[in-house]
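Take a look at the letters that make up each chain.
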Amino acid sequence: MEFVHTPYQPGETIAAVATPPGEGGVAIVRISGNNALDVASAVFSGPIRTYKTHTVHYGQILDSEKKHVDDVLIVPMLGTRSYTGEDTVEIHCHGGSLITRRVLDTVLKAGARAARPGEFTFKAFINGKIDLAQAEAVQVLIGAKNEHALNAAEEQLKGSLSQTVESLQRDLTHIAAILEAWVDFPEEGLEFARMEDLCSDLEQISQRIENLANTFHDGRIVHEGISLCLVGSPNVGKSSLMNAILDKERAIVSHIPGTTRDVLEDHVRLNGLNFKLMDTAGIRTTDEVIEQEGIRRSKEAMYKADLILLVLDASVELGEHDHWLIKEAPKDKTIVVWNKIDLPHPVLPPLPIPHVVMLSAQQKKGLDALHEMIDSVIWKKGPPSREEVLITNVRHKEALMKAIVACRQVLVGLKTDVSPEFLSMDMRQALSALGSIIGTNITEDVLSEIFSTFCIGK
């Protein structure tokens, strides 16, 4: 079901299953809105209106004919003390798709409307319980696939990003007020601030916005994970290395060149991050049509990957295709892996790629050094701390970039005597861009797009 943003009806009563589909011990049906108690009273056997908020009570769900549907626990959460900021009732029924659906159907027949994706969180946003950045953090928290992503989402949900943005807004508003004063009192000759101080303050604020935008590199890694591509000539041990990293026999290992014909993918967690691991066809010259296509896909995967493991055979001299890969691989995201280091080998030549690891995939020796090297290449300044504010959302990054551009236009204008009217317009654009992150200046289309990604019941 797609979230469709219709004109908001304050207090409209909605209901949905708030737990994942499938079988389990308990499922939760959530009701929220001004008539939540009316709906709950119509289906619950006990005197729900006499219950104190945030207390748990046992009873039965009964349909319109007073037939038994399920034995449940019911929890009323009244007024602004609920997640949505409106009267909310949760029904804890037996788990299982069929019985949960029956309970929900009974609630809907009693007067609630089926909730759209993210509509409970949308209510929380509209009712001022959370801002838009915190609302988005809810979905990120639910979908977090590693500890780093979970920590980043928790900090955003606590309001760390919102507080940072609000601080930037306050400082920009002070400058905007001075510019507006220049517009309103052009003939008064009043000096509201020295031009040098104004430019210095704006440069500092612009740098703070840029520093926040630059955290998107780490934030994207935390949120989305890393694509890691193994490339090399045939028989250098790429498939053996993939199996060693995964700690399972995922790829076929053979001494016959060209065994791997396509890009083979699997997922693994290393150093607390998610990796999409890709084993590729060996790079060589061949007349075999299928293998040629595999090699083309290998090159394409190499250029698109976040990180490249360029596997070389330490037991033999470098070949033509090894040299081609060394030349073509992007130096800033490539780790050279000298494999088969357990075998007798010639003196290893120096390479123009700074990140180099030696290991034996077959004997699984040197993997710890590889993990450490991967960590050092991924994190430019070390992994982020738990308290660090990270941008993980493309929408936030784009908003920050718009604010930076607007601030720079104001700076240029101040230094070139542009009319204050135009500078004030640019400053409003910067403030508007920052406001869009936390929802103080947001369109209905954007709201619809954001909340359509949520699961139903949240």
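Cut-offs and rules
- Residues numbered from 1 in each chain as written.
- Predicted model: local features only at pLDDT ≥ 70, side-chain atom pairs only at ≥ 80, totals over all residues.
- Heavy atoms only, no water.
- Helix = DSSP H or I, 4+ residues; strand = E, 2+ residues; numbered from the N terminus.
- Buried < 20%, exposed > 50% of the residue type's maximum accessible area, 1.4 Å probe, protein only.
- Contact = heavy atoms within 4.5 Å.
- Areas by Shrake-Rupley, 256 points an atom, 1.4 Å probe, with all protein chains shown as cover.
- Pairing = 2+ DSSP bridges.
- Axes fitted to C-alpha atoms, helices over the stretch in contact; angles between N-to-C directions.
- Right-handed = clockwise from strand over helix to strand, strands pointing away.

A.B. asks: What am I meant to see in the overall build of the protein chain here?
C.D. replies: Scanning the protein chain from terminus to terminus reveals 15 helices and 12 strands. Every one of the 458 residues in the protein chain was classed for burial, and the buried ones make up 48%. Residue pairs in contact within the protein chain that sit at least 24 positions apart in sequence constitute 66% of those at least 6 positions apart. Surface summary for the protein chain: the accessible area is close to 22400 Å², and the carbon and sulfur share equals 53%.

A.B. asks: What is the right way to look at helix 8 (residues 216-224) in this model?
C.D. replies: Because each turn of an α-helix spans 3.6 residues, side chains separated by three or four positions end up pointing in the same direction. Among the residues of helix 8, Phe 216, Asp 218, Gly 219, Ile 221 and Val 222 are the ones counted as buried. Residue Gly 225 follows helix 8 closely and has a positive phi angle near 90 degrees.

A.B. asks: How do you make sense of the sheet that holds strand 6 (residues 113-114) when you look at a structure like this?
C.D. replies: Strand pairing in a sheet relies on backbone hydrogen bonds, with the paired strands running either antiparallel or parallel. Taken in spatial order, the 6 strands line up as 3-4-5-2-1-6 in an open sheet, and their pairing is mixed. Whereas interior strands pair on both sides, the edge strands pair on one side only; in this sheet they are strand 3 (57-62) and strand 6. The pairing of strand 4 (residues 68-77) with strand 5 (residues 88-94) spans 5 bridges and is classified as antiparallel. Across the sheet, residue Ile 74 finds its bridge partner in strand 5, namely Ile 91. Docked against the sheet, helix 3 (residues 119-126) engages strand 1 (14-17), strand 2 (26-32) and strand 6, running at close to 135 degrees with respect to strand 1.

A.B. asks: Help me understand the sheet that holds strand 12 (residues 356-358) in this model?
C.D. replies: Here we have 6 strands laid out as an open sheet, ordered 8-9-7-10-11-12, and mixed in their pairing. With partners counted over all chains shown, the strands left at the sheet margins are strand 8 (264-270) and strand 12, one partner each. Each adjacent strand pair in this sheet contributes to an overall mean axis angle of 25 degrees, direction not counted. Direction of pairing for strand 10 (residues 307-313) relative to strand 11 (residues 334-339): parallel, over a ladder of 6 bridges. If you follow Ile 308 over to strand 11, its bridge partner there is Thr 334. Of the strands in this sheet, strand 7 (226-232), strand 8, strand 9 (273-279), strand 10 and strand 11 touch helix 9 (residues 238-246), which is tilted by about 40 degrees from strand 8. Along the sheet, helix 12 (residues 367-378) makes contact with strand 7, strand 8, strand 9, strand 10, strand 11 and strand 12, crossing strand 11 at roughly 170 degrees.

A.B. asks: Can you walk me through the environment of Val 236 in this structure?
C.D. replies: Assignment of secondary structure puts Val 236 in the loop between strand 7 and helix 9. The class of Val 236 is buried, set by a relative accessible area of 4%. When the C-alpha positions of Val 236 and Ala 314 are compared, they lie 8.5 Å apart, and in sequence the two are 78 residues distant. Discounting residues that sit within four places of it in the chain, Val 236 has contacts with Val 311, Leu 312, Asp 313, Asn 339 and Lys 340.

A.B. asks: I keep staring at the pairing of strand 11 and nothing clicks. Help me out?
C.D. replies: Walk down a regular strand and you will see the side chains alternate between the two sheet faces. By the criterion of burial, strand 11 is predominantly enclosed, with 6 of the 6 residues buried. Of the two faces of strand 11, the one lined by Thr 334, Val 336 and Trp 338 and the one lined by Ile 335, Val 337 and Asn 339 are each fully buried. In terms of handedness, the path from strand 10 via helix 11 (residues 320-328) over to strand 11 forms a crossover that is right-handed. Where strand 11 lies against strand 12, 3 bridges are found, and the strand directions are parallel. By the bridge assignment, Trp 338 is partnered in strand 12 with Met 358.

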